[in-house]
Amino acid sequence: MIRSLALALVAIPALASAQTPAAVSAADPYFKAGEAALARQMAVVPNTGKAKNVILFLGDGMGISTVTAARIYDGQQKGLDGESNSLSFEKLPYAALSKTYSHDTQVTDSAAGITAIMTGVKTRNKIIGLSGAAIGGRCESEKGTAIQTLAELAKLHGKAAGAVTTTRVTHATPAGAYAHTAYRDWEGDADMPAAAKQAGCKDIARQLIEAPEALRMDVIMGGGRSRFLPKGQDVGARADGRDLTAEWLKARGAGSAYVTTVDQLKAVPSDTRHVLGLFAPEHLPYEVERAKLGQGVPTLAEMATAAVDVLSRNPNGYFLMVEGGKIDMGSHLNNAKRTLTETVEFSKAIAAVLAKVDLKDTLVVVTADHSHGLVISGYSARNAPILGVAGNEGDPVRGGDGKAYTTLMFVTGPGGPKGTDTRRDPAKEDTEDAEYLQDSVVNLPSSAHAGEDVGVFADGPQAYLLRGVVEESYIFQVMRHAFGFDGSAAAKTR
Ligand SMILES: [Zn+2]
């Protein structure tokens, strides 16, 4: 033993010469970057304190492959090396994998997904804020199955709460903050069957506006104005003749603002405590449509930072959900450009909020409710356009049908061949056009979600508890624990 150790010691000076493997690796940029990353991780001290504020960033349908492709796209747009680029949230020190199956399906929808994250309870697809004992579309099953959301718990503890999104504010994910419904599509009264209305079930917009003061959201921003206004007024679609925006303003009183443009949002008085921002009749336009359709529509970053400003006026702190809701919708269309540009916008919103908040007392969690069937296929060269065809420039890899394929493809969705159609040859098309639909294997009117795990990225108080492979419903436990609400009696429920 001793002799071999002595020999090893003698051998060390020789390893220091420029030709040795150790010297080669020490000079290698990957090796150096790895050493720097190790030093950064070793310097991280878990924050075991209490969170005054919790911010949940939810990238709808943002699977791991979407994060990878968006990081490459983001880097390439900035003229950087795309592959080694990082989105804002990828720099957070803690990460986990989240198992997203719902109570009744292998592959969840957004309603059951957000319910797991916001309540700690997995439920059936299509259901929001009710346990798995409820049945989708069955109004009577709302009775006795409602579960408190983290936003409601925050309110009951004297904090402020809010949600901002790029979809209708009554869409499944934002509704997960405040609504309890047997059917996610009951966004306005005109979306509900007469029997459900007669049985006393309330549409999601009404639930938002009529919530008791102790539970009512302080900040709501996104699209979906049609669900709040009566038919015949502006873009209204309500059948009950009610103007819920006026009712909200009246009930909220002083310190409240209802806004419909980014300029109005920027002009709200500095003592405003409640904001209802409805910037489009339906979902907000995609980022790629901003020049054409986005006049007066705030970016997700503008909404998120405005929400932080308003909610911060509560001295007890706040809960905020920020949803990049159209990442999912781009993938449903098989339109990878929309998916990636929406993911980059989501990343920008996170960066803007991280620049404003203090991670000493603010837990930031970034995750997705489920994945999408987006695949990154080989083998293009480093720095090849991520929206391009696989292979080398001018020499794409060709399939058995003699046609090229794009690096990004979907498994299901409208980009696939229908009936006896044959596949298009993407080598002959502009695959970077904003309207280009990637190929899918199986044609469906809308791409199906995917069921593999999604990432969770976190920093701030108790963020270190987000590690390993966890259940989607566990994310709720960490956020609740960070707030210090563990074991707190589920006091008043609606
Ligand atoms: Zn979806």
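Source: prediction; values computed, not measured. (Residues numbered from 1 in each chain as written. Predicted model: local features only at pLDDT ≥ 70, side-chain atom pairs only at ≥ 80, totals over all residues. Heavy atoms only, no water.)

On to helix α10 (residues 244-252). For the α-helix, the turn length of 3.6 residues means that residues three or four positions removed from each other point alike. Those residues of α10 lying buried are L244, T245, W248 and R252. In a view along the axis of α10, the buried residues occupy a sector of 105°, so they form one face of it. Contacts from the buried residues of α10 go to α9 (204-210), β5 (256-259) and β6 (274-278). One or two residues past the end of α10 sits G253, with phi positive at roughly 70°. (Buried < 20%, exposed > 50% of the residue type's maximum accessible area, 1.4 Å probe, protein only. Helix = DSSP H or I, 4+ residues; strand = E, 2+ residues; numbered from the N terminus. Arc of directions from axis to C-beta. Contact = heavy atoms within 4.5 Å.)

Attention now goes to the nonpolar core. The biggest cluster of nonpolar side chains holds 55 residues, and the ones touching the most others in it are F89, V164, M221 and V366. Counting residues per element, this core draws most heavily on helix α13 (residues 300-311), at nine residues. Viewed by domain, this core spans two of them, domain 1 (53-373 + 452-483) and domain 2 (376-447), each represented by three or more residues. If we ignore the near neighbours within four places in the chain, the residues touching V164 are V219, M221, L300, M303, A304, A307, L320, M321, V322 and E323. In terms of nonpolar packing, the next biggest core, distinct from the first, is built from 50 residues, I117, A463, L466 and V478 among them. (Core = buried A, V, L, I, M, F, W, Y, C linked by side-chain atoms within 4.5 Å. Domains from an automatic or database assignment.)

Moving on, we get to the environment of A291. Among the secondary structure elements, A291 is positioned in helix α12 (residues 290-293). When the C-alpha positions of A291 and F319 are compared, they lie 32 Å apart, and in sequence the two are 28 residues distant.

Next up on the list: the state of the cysteines. Across all of its chains, the model carries one disulfide by this definition. One disulfide in the model links C139 with C201; its S-S distance is 2.0 Å. Classification of the bridge connecting C139 and C201 rests on its S-S torsion, roughly 100°, and on that basis the disulfide is right-handed. Of this pair, C139 sits in the loop between α5 (110-119) and α6 (150-156) while C201 sits in the loop between α8 (194-198) and α9, and the two are 62 residues apart along the sequence. The same class applies to C139 and to C201, which are both buried. (Disulfide = S-S within 2.5 Å.)

Our next topic: unusual backbone geometry. In this structure, the amide linkage connecting G378 to the following residue, Y379, adopts the cis form with an omega of 0°. On the secondary structure map, Y379 appears in the loop between β10 (374-376) and β11 (391-392). Unlike most non-glycine residues, K126 shows phi in positive territory, near 85°. Inspection of the secondary structure assignment puts K126 in the loop between α5 and α6. For D234, which is not glycine, the phi torsion reads 50° and is therefore positive. Along the chain, the position of D234 falls in the loop between β4 (219-223) and α10.

Attention shifts here to a nonpolar patch on the surface. The grouping of V375, V411, V441 and V442 at the surface amounts to a nonpolar patch, some 320 Å² of accessible area in total. One can find V411 in strand β13 (residues 408-413). (Patch = residues over 30% accessible without salt bridge, like charges linked within 9 Å, V, L, I, M, F, W, Y side chains within 5 Å. Areas by Shrake-Rupley, 256 points an atom, 1.4 Å probe, with all protein chains shown as cover. Salt bridge = Lys/Arg side-chain N within 4 Å of Asp/Glu carboxyl O.)

This paragraph deals with the domain arrangement of the protein chain. Domain parsing of the protein chain yields domain 1 (53-373 + 452-483) and domain 2 (376-447). Computed from C-alpha atoms alone, the centre-to-centre distance between domain 1 and domain 2 is 32 Å. Across the boundary between the two partners, domain 1 contributes 23 residues, which contact 28 residues of domain 2. For the pair domain 1 and domain 2, the summed buried surface comes to about 1,800 Å²; carbon and sulfur atoms form 52% of the total. (Buried area = accessible area lost by both parts, 1.4 Å probe.)

Within the protein, the zinc ion binds to D328 (OD), D328 (OD), H332 (NE2) and H449 (NE2); these donor distances fall in the range 2.1 to 2.4 Å. Coordination at the zinc ion is irregular: its four donor atoms span angles of 57 to 148° at the metal. Within one chain, the residues serving as donors to the zinc ion are arranged as D-x3-H-x116-H. Separated by 121 residues along the polypeptide, D328 in helix α14 (residues 326-332) and H449 in strand β15 (residues 449-450) bring together distant segments of the chain. (Donors = N, O, S within 2.8 Å, 3.2 Å for Na, K, Ca; no water. Tetrahedral: all angles 85-135°; square planar, octahedral: opposite > 155°, others 65-115°.)

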